[in-house]
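Here are the chains, one letter per residue:
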Amino acid sequence: MSRLTSRPRLKRVLIILGSVVTVVALALGGGLLWLWQDAEISTVGKESFDNALAIPPLAKSRVDKDGTRVFDLRMQSGEKEFKAGRATPTWGFNGDHLGPTLRAKRGEKVRVRIRNGLDEASTVHWHGMHLPAKMDGGPHQMIRPGGSWSPHWTVDQPAATLWYHPHPHGVTEKHVQRGLAGLFLLDDERSARLALPKKYGVDDLPVIVQDVRFDGAKFDHGHKMMRNVGFLGDRTMVNGTLAPYQEVGDELIRLRLLNASTARTYDFGFPDDRAFSLVGTDGGALERPARMQRIQLSPGERAEIVVRMRPGERTVLRSFPQDNYGGAWQQRFSGGDDSFDVLQLRAAERLRPSPALPSELGELEVPDGAGASRARFFDLKQSGINGRAMRMDRIDEVVTRGATETWTVRNDNGMPHNFHVHDVQFRVLEVNGEAPPPELRGPKDTVFLPNGTTMKLALRFEGPADPKTPYMYHCHLLSHEDGGMMGQFVVVEKGQKAGKPSGRHSGH
C-alpha cells in the first residue's frame, strides 16, 4: 500500500475519532448541565397554602401514686392522605403519622410505656434529654415487633423543646422518614414566670419541618445522583401538613422550630426580612433574646423564635438559599441553593395585645469550659469519626462522672456534616477560633459543621455512671449515621474502667 493511499485513510480515521470524542464530550457536558440545573429546588411562590396546619395533640398522661407521670406510646403503621384521594403508607406514634407532644415539668418523674406494633424492630430516643444511658433509646435499646419497653427517669434540666425519634443502627433514616417523630416539651418555674407566648397551639406553635418527595401516593425515599448528604425532598411539610397555613390572633407568636428532616439544612426567615427574636436553642432559653433575620438549622436542631404580627397581614416562613456549605458544588448538590415556602401565617384583623419580651431570660446551665479536665478531638468523615466506623461492641471514649471536658470537632470532609451528643447540653466556645454567633450561644446538643469548620465545645457529664451501657455521638444527617458516622462513650466513676457492651441489638 502506498503512502498516498494510507494518508487519506488515516485522515478519515482521525476525523471519525475526533467526531466521536466531540459527541461524547457534548453528551457528558450536557448531562452535567442537566444534573446541575435539575439539582436546584424552589417552592417559593408555588405553594397554595390551602391546608390548615395540624397541631400535634398533647399526649394524655396519668400520675401514679408515687408521683410518676406515665405516658403511653404505640409505634404503628397506617395510611394518611397528604394529597386528597391518595393514601400514603406511613408510620406513627398513637396514630397514622408523627406522634403526640409529650409534656413534663422539671423535677417530675416520668415513665413512657412503649409498644412496638410495627413489623420491624425499632427504638425511641429522647433527643436532648439528660437521662440514664439504659433509658436513652439508642441502638442498644431495641424493641422487637410486638415487644414493649418502659423507660423511666427524673426530669432534671431546664425548660426546652426536645423531641423523640427512632435510633436503630443502620435504618434510622428510613424509620424517621416514614413518620416516627414527635415533640417532648419541658417546663420549669422560670419559664412559667417569663412573659413569653405559651398557649400551646394558639400563640405557641410547634413547627416540625420535614422535606418529602412522592412517588405516586407513596413516599419516595431514594437518594438522587450526587446527593452525598442523603435524602433531599422537593417539598416541605409542617406537622405532617403539606402547604400549611395557621391563623393567629396574637401580636407575638412563638414558633418552636424543629428540623426533623434527615439530611436537609434550612435557613429560616421571612420574605420581608423582618427581624424576629431568638429566645431558645436546643436545650432551652438563651441568657437574653437575640434579634435576627435568619436562623439556620441542620437536622435535629431546634430554635424557639418570637415573631411580631401586624393586623390582617399574611406572611410566610421561608427557607432561603445558603452559601456556607463549602463550595459551589456542595452548595448545589447538598441543598444549599434550594428555597422553600414552608408555612403561611394569617393574622386576624384585630390582634390580642402581647406583653413585651423580657430583656433577660436567665443564666445558662451549661459549662463555660473553665476547669476542664480533658480535651478530646473528633474528625468528621463520612466513612467514620476519627477514622473509625461505628461498631456496637466497641467503646470509643470513656468519661468520668462529674467531669467537664472540651471537645474539638472538625469537618474538612468536603461536604456538610453536623454533630450530636446524647445525654448532655453543651456550650459552643469557638467557631473557627472566633466567638460563636448569637444563635450558637444557647444550650446546644446538635451543631452544623459545613466543610472547613472547626468548633470547640464545653460539656459536663453528670451521670449516672454505667460502664457497660453507652451513649452515642454522631452526625445527625441520618444516612451518614446509618453508614457508620457514629461513636460510643460511657460515663464511669473515677478510676472505673469501661465494660464491654453487647454488639447485638438487644430486644425488649
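Anyway, here's the lowdown on the structure attached to this text. (Residues numbered from 1 in each chain as written. Predicted model: local features only at pLDDT ≥ 70, side-chain atom pairs only at ≥ 80, totals over all residues. Heavy atoms only, no water.)

## A short note on the side chain of arginine 264
Within the secondary structure, arginine 264 is located in the loop between strand E18 (252–259) and strand E19 (266–269). Engagement of the side chain of arginine 264 in a polar contact is seen with the side chain of aspartate 211, the distance being 3.0 Å. With residues up to four places along the chain from it excluded, the contact list for arginine 264 reads Ile41, Asp211, Phe231, Leu232, Gly233, Asn259, Leu297, Pro299, Gly335, Asp338 and Phe340. (Helix = DSSP H or I, 4+ residues; strand = E, 2+ residues; numbered from the N terminus. Polar contact = N/O pair within 3.5 Å; in protein donor to acceptor, adjacent residues only side chain to side chain. Contact = heavy atoms within 4.5 Å.)

## What about the sheet that holds strand E10 (residues 160–165)?
Spatially, the four strands line up as an open sheet ordered E5-E11-E10-E7, and their pairing is mixed. At either margin of the open sheet sits one strand with a lone partner, and together these are strand E5 (102–105) and strand E7 (125–127). On average, each strand axis in the sheet is inclined to that of its neighbour by 25°, with strand direction left out of account. Of the strand pairs in this sheet, E7 and E10 are connected by three bridges, and their pairing is antiparallel. By the bridge assignment for E10, tryptophan 126 is matched with tyrosine 164. (Pairing = 2+ DSSP bridges. Axes fitted to C-alpha atoms, helices over the stretch in contact; angles between N-to-C directions.)

## Here we look at empty space enclosed by the protein
Counted under the stated rule, the structure contains two cavities of 30 Å³ or more. In this structure, the largest cavity spans a volume of roughly 90 Å³. Forming the boundary of the largest cavity are 14 residues, of which Gln177, Gln210, Asp211, Val212 and Phe231 lie nearest the centre. Looking at the lining of the largest cavity, the elements with two or more residues in it are helix H2 (172–177) and strand E12 (204–212). Take the lining of the largest cavity: its biggest share by element is three residues, from E12. Partitioning the lining of the largest cavity into residue classes produces six nonpolar, five polar and three charged. The space that makes up the second largest cavity amounts to roughly 40 Å³. Lining the second largest cavity are Ile385, Asn386, Arg388, Arg394, Asp396, Glu397, Tyr473, Met486 and Gly487. A breakdown of the residues in the lining of the second largest cavity according to their chemical character gives three nonpolar, two polar and four charged. (1 Å grid on protein atoms, 1.4 Å probe; cavity = no way out; pocket = protein on both sides within 12 Å on 5 of 7 lines; lining within 4 Å. Points joined across faces, edges and corners; volume = space filled by probe spheres on them. Nonpolar A, V, L, I, M, F, W, Y, C, P; charged D, E, K, R; others polar.)

## Observations regarding the pattern of salt bridges
Tallying each qualifying case throughout the model produces 44 salt bridges. Residue glutamate 40 is joined to arginine 332 by a salt bridge in which the shortest nitrogen-to-oxygen separation is 3.4 Å. Of this pair, glutamate 40 sits in the loop between helix H1 (3–39) and strand E1 (51–52) while arginine 332 sits in helix H4 (residues 328–333); the two residues are 292 residues apart in sequence, bridging distant segments of the chain. Here aspartate 272 makes a salt bridge to arginine 274, at a shortest N to O gap of 2.9 Å. What makes aspartate 272 partly exposed here is its relative accessible area of 40%. (Salt bridge = Lys/Arg side-chain N within 4 Å of Asp/Glu carboxyl O. Buried < 20%, exposed > 50% of the residue type's maximum accessible area, 1.4 Å probe, protein only.)

## Observations concerning the environment of arginine 144
Mapped onto the elements, arginine 144 comes out in the loop between E7 and strand E8 (148–149). Since its relative accessible area comes to 46%, arginine 144 is described here as partly exposed. A C-alpha to C-alpha distance of 19 Å links arginine 144 and glycine 95, two positions 49 residues apart in sequence.

## Some points on the pairing of strand E26 (residues 374–381)
When E26 meets strand E29 (residues 404–411), the two strands line up parallel, connected through six bridges. Opposite alanine 375, over in E29, you have threonine 406 as the bridge partner. Between E26 and strand E27 (residues 384–385), which pair antiparallel one after the other, the connecting turn spans two residues.

## Some thoughts on the packing of aromatic side chains
Applying the stated rule across the entire model yields 25 aromatic pairs. Between phenylalanine 71 and phenylalanine 184 the ring centres are 6.2 Å apart and the planes differ by 70°, which places this aromatic pair in the edge-to-face class. Taken as a pair, phenylalanine 71 in strand E3 (residues 68–83) and phenylalanine 184 in strand E11 (residues 182–187) lie far apart in primary sequence, 113 residues in all. Between tryptophan 126 and tryptophan 153 the ring centres are 5.4 Å apart and the planes differ by 45°, which places this aromatic pair in the tilted class. Taken together, the positions of tryptophan 126 in strand E7 and tryptophan 153 in strand E9 (residues 152–154) put the pair 27 residues apart, joining distant regions of the chain. What makes tryptophan 153 buried here is its relative accessible area of 5%. One aromatic cluster in this structure is built from Phe378, Trp407, Phe419, Phe461, Tyr471, Tyr473 and Phe489. If you follow arginine 274 out to its NZ or CZ, it ends over the ring of phenylalanine 270, 5.7 Å from the centre. (Phe/Tyr/Trp six-rings, centres within 6.5 Å; stacked < 30°, edge-to-face > 60°. Lys NZ or Arg CZ within 6 Å of the ring centre and 35° of its normal.)

## Details of the nonpolar core
Ranked by internal contacts, the top residues of the largest apolar core, which has 31 residues, are Val207, Leu255, Leu257, Phe268 and Ile295. Broken down by secondary-structure element, the contributors of at least two residues to this core are E12, E18, E19, strand E20 (276–281), strand E21 (284–292), strand E22 (295–297), strand E23 (302–308) and strand E25 (340–352). No other element matches E25, which puts six residues into this core. What leucine 257 contacts, discounting residues up to four positions off in sequence, is Val207, Phe268, Ile295, Leu297, Glu301, Arg302, Ala303, Ile305 and Leu317. Among the nonpolar cores identified, the runner-up in size contains 30 residues, and Ile385, Val409, Met455 and Met485 belong to it. (Core = buried A, V, L, I, M, F, W, Y, C linked by side-chain atoms within 4.5 Å.)

## Description of unusual backbone geometry
Note the cis peptide between glycine 463 and proline 464, where omega equals 10°. Position of proline 464 among the secondary structure elements: in the loop between strand E33 (453–460) and strand E34 (471–474). Unlike most non-glycine residues, asparagine 94 shows phi in positive territory, near 60°. Structurally, asparagine 94 can be placed in the loop between strand E4 (86–93) and E5. A residue is classified by how much of its surface remains accessible, and asparagine 94, at 43% relative accessible area, is partly exposed. Positive phi, normally seen in glycine, also occurs at alanine 243, with a value near 45°. Topologically, alanine 243 is positioned in the loop between strand E16 (241–242) and strand E17 (244–250). Taking the relative accessible area as the measure of exposure, alanine 243 reaches 4% and is therefore buried.

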